[in-house]
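Observations on chain architecture
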Amino acid sequence: MQKIVVLISGNGSNLEAIAKACQNGSIPGSIELVISNQAGVKGLERAQKYHLMTKTISHEDFASREAFDLSLTEQVLSIEPDLVVLAGFMRILTSNFTDAFAGKLINIHPSLLPEYPGLNTHSQALENGDLMHGVTVHYVNGELDGGPVIAQGALKIDPTQTETKLIQRIHKIEHALLPKVIAEVLKGLISLQGKKVKFEAKSHFGKNNMEFFNV
Ligand code: GAR
């Protein structure tokens, strides 16, 4: 069974989508550890519901970003994971961490990258009157939200809808897309070759890695 480590900072709905997919066998792996950099968050409760091992490593307990990342690296390495997933992990990681897991580290980001790296992606899309918004799953390198794109899911913005509604719709896409990508990575259908994503012939995403979702 392949080993997954999931890093979270809050709500953990993506963590739950991954846990469900592991439980029903659509992801050929198991979540061996969930790490949160925030204590007492909903995501940790969700992890307990699935009987997952959890650890809180608060960045506030460390003198520097590098020191936090080193501790995080040690904890994740101790699991010897096949894949590390940033699922709503809201800390910028230094190369101390990203280099240690190069090719085995993926992130989900709520925008159609390279549009809107960083925070407040939903409000920016609304304020700019964008027609489309979406999510990106990508390999992580040292650049913030800058690593090679694996897959994107897009929706059409309804300008009469609130930001809360838009976030709900984005979450629906995330919960469908992220487990699918994880499954394919663990099956060896998706891999990172240098700076490029390689899709095997059987990969769903090789043919179409930018999908429109009617959510
Ligand atoms: C998700 O929308 C994810 O894309 C985003 O945080 C949310 C976490 O939701 N991640 C980032 O913004 C990372 N830059 P969740 O805690 O319910 O899974």
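Shown above is the structure to which this text applies.
Notes on the structure follow. (Residues numbered from 1 in each chain as written. Predicted model: local features only at pLDDT ≥ 70, side-chain atom pairs only at ≥ 80, totals over all residues. Heavy atoms only, no water.)

Time to look at the side chain of Q152. Relative to the assigned elements, Q152 resides in strand β7 (residues 149–156). Within the local environment of Q152, its side chain forms a polar contact with the backbone oxygen of L113, the two atoms lying 2.9 Å apart. (Helix = DSSP H or I, 4+ residues; strand = E, 2+ residues; numbered from the N terminus. Polar contact = N/O pair within 3.5 Å; in protein donor to acceptor, adjacent residues only side chain to side chain.)

This next bit is on a nonpolar patch on the surface. A cluster of nonpolar side chains, contributed by L131, M132 and F212, occupies part of the molecular surface with about 330 Å² of accessible area. As for its position among the elements, L131 is in the loop between α5 (121–127) and β6 (132–139). Here L131 falls in the exposed class, since its relative accessible area comes to 67%. (Patch = residues over 30% accessible without salt bridge, like charges linked within 9 Å, V, L, I, M, F, W, Y side chains within 5 Å. Areas by Shrake-Rupley, 256 points an atom, 1.4 Å probe, with all protein chains shown as cover. Salt bridge = Lys/Arg side-chain N within 4 Å of Asp/Glu carboxyl O. Buried < 20%, exposed > 50% of the residue type's maximum accessible area, 1.4 Å probe, protein only.)

To continue, consider the nonpolar core. Soluble globular proteins: nonpolar side chains tend toward being buried together. I18, V85, I106 and I182 are the most contacted members of the largest nonpolar core, which has 44 residues in total. When residues no more than four places from it in sequence are discounted, the contact partners of V85 are I4, V5, V6, L7, I18, I106, L178 and I182. (Core = buried A, V, L, I, M, F, W, Y, C linked by side-chain atoms within 4.5 Å. Contact = heavy atoms within 4.5 Å.)

Here we take up the pairing of β7. Burial analysis of β7 places 6 of its 8 residues in the buried class, the great majority of the element. Here 7 bridges tie β6 to β7, and the two strands are oriented antiparallel to one another. From the neighbouring strand, M132 faces β7, where its bridge partner is K156. (Pairing = 2+ DSSP bridges.)

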